[in-house]
Amino acid sequence: MKKGNRKVIALTQIPLRLRAPVLLTCDVVCSVVRDAVVDIAADGRIAYAGAERDAPGWNGAVRGLTGILMPGLVNTHAHTPMSLLRGRGGDLPLTDWLRNAMWPAEGMMAAGDTRAGMMLGSIEMLRRGVTTSTEMYVHTDEMIEAVAATGARAVLTEAILAGPAGASWEASVADIGNRIDKLGLVTGPGGRIELGYGPHSAYELPLQALRAIGEEAHRRGALVHIHVAETVGEDRPQRAAFGSVPQLLDHVGLTQGRLLAAHGVHLDPRDIALFAEAGTGVAHCPSSNAKLAAGVAPVVELREAGVRVGLGTDGPASNDRLDLLEEARSAALLARMHGGDPAAMSAVDALMLATRGGAEALGRDDIGTVERGRFADVVHVSVDDPAFATGLDVPDDELIANLVWAAGSRTVTDVWVAGERVVEAGEPARVDREAVGSQVAAAAARLRVPAVAAR
Ligand SMILES: [Zn+2]
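Residues numbered from 1 in each chain as written. Predicted model: local features only at pLDDT ≥ 70, side-chain atom pairs only at ≥ 80, totals over all residues.

## Here we look at the confidence of the model for the protein chain
For the protein chain, per-residue confidence averages 94 on the pLDDT scale, and 95% of positions sit at 70 or higher. Here residues 451–455 is a poorly scored stretch, pLDDT under 50, and it has three contacts once near neighbours within four places are set aside; other chains count. (pLDDT = per-residue confidence, 0-100. Contact = placed C-beta atoms within 7 Å.)

So this is what it looks like as structure tokens:
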């Protein structure tokens, strides 16, 4: 990401040292550090992460923990306010589900509903160790409010559609640009909010819209986040004209900037080579793809080609869980089934996709690992669980296997974002979970009432 255009509010907090028997750094070789400390500076960034015996002197506060420290998980594809619509149309094919189940209800959704739905999903993710989510939705001001309230980090790429119900794509593009120019590309305490562009898909928008979005985003160094090749039938006209949607995106110039392709299930070798060459990120959403019977993305081939791959939950009406460690497990299961190969994806590979891989797919070098200089987005996993009954003094790969295959997110107890504790003993530290749940229940009931005919 370009360094300019940042209006990050500097944090000044009490420096904190976290001490734990195990640290999973998710650095480039997935180092596992025993008897580790993570030093968090007053600016919310990591000053030191490694073995305590090699650590510099420390005068600040120290918190001793008994389990595993690891990076906050990075969700690369979500529509989190759809927590309001959970359970609806769960057996429909994609186009039918969008047009007949989702979009009519979303058309009735007020900005305050979006805020409530985002808050509920943000709390759900934080409690499962997901510190960053990449969102494609509307009502961006309320999305910012929701994330600011829970203390999570988000990349908010406002959805752009050309449909008759919504605003024109031109107005959406102008709104996004104006907001970035006013607030900064990265904004908020601890740089918690990044703004970007979320064109829904090449099959929902005209070529001139995609071209204009690419130009506007590229000029601002902003991320473009778009659905690509999710289901086999969605993009027949685009395939007929350009060979594939990735080729179309290349034709309109979108691959020249920061581009994140969600799903990428139906990609051929030429598409994969194009994404690798262009540095395009892919948000692999295994559970959502399986639920929709969309297919299995060629994740092994993508990674072998050098494509930056992260994991996504997709929206909570598509999955229906906002649990990235479960996506890591599903990614490994499906990769193995798809290739008929038990070595197709290891637990280490899956953990790396959920952390470092997600940051890379977003083009971010300040999150996704526990390394000096990055934001202190850190998760503590309790090992008081049968998944870890064989102890912590097992080989590194066994420890990570126990986390990914057996434990999952149920063992997450505490979460810090930019060094600030946002989950404490499993509960959100900043917001009242039950009050948010009541708001969502009320909004969801209202969204069932048929829309009042236009006056
Ligand atoms: Zn999606």
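## Focus: the domain arrangement of the protein chain
Here the protein chain is partitioned into domain 1 (11–71 + 374–428) and domain 2 (73–362). Inter-centroid distance (C-alpha atoms) of domain 1 to domain 2 is 28 Å. Taken together, the contacts link 24 residues of domain 1 with 27 residues of domain 2. Listing elements by their share of the side of domain 1 that touches domain 2, those giving two or more residues are α13 (396–407), β17 (412–417) and β18 (420–424). Considering each element in turn, the side of domain 1 that touches domain 2 owes the most residues, five residues, to α13. Residue classes in the side of domain 1 that touches domain 2 are distributed as 17 nonpolar, four polar and three charged. (Domains from an automatic or database assignment. Helix = DSSP H or I, 4+ residues; strand = E, 2+ residues; numbered from the N terminus. Nonpolar A, V, L, I, M, F, W, Y, C, P; charged D, E, K, R; others polar.)

## With respect to helix α12 (residues 347–362)
Helix length check: α12 (16 residues) gives 22 Å between terminal C-alpha atoms against 22 Å at 1.5 Å per residue, within 8%. At Leu 353, α12 shows its strongest bend, of approximately 45°. The buried count for α12 comes to 15 of 16 residues, which makes it a mostly enclosed element. Gly 363 sits one or two residues past α12 and shows a positive phi near 75°. (Expected span 1.5 Å × (residues − 1). Bend = angle between axes of the 7 residues up to and from the residue. Buried ≥ 20, exposed ≤ 12 C-beta atoms within 10 Å, placed from the backbone.)

## Side note on the pairing of strand β12 (residues 224–228)
Most of β12 sits out of view: five of its five residues are buried. Burial of the side chains of β12 extends over both faces: Val 224, Ile 226 and Val 228 are buried on one face and His 225 and His 227 on the other.

## Considerations on the environment of Arg 372
One can find Arg 372 in the loop between α12 and β16 (378–381). For Arg 372, a count of 14 C-beta atoms within 10 Å puts it in the partly exposed group. With sequence-adjacent residues up to four places away left out, Arg 372 is seen in contact with Ile 46, Ala 47, Tyr 48 and Ala 49.

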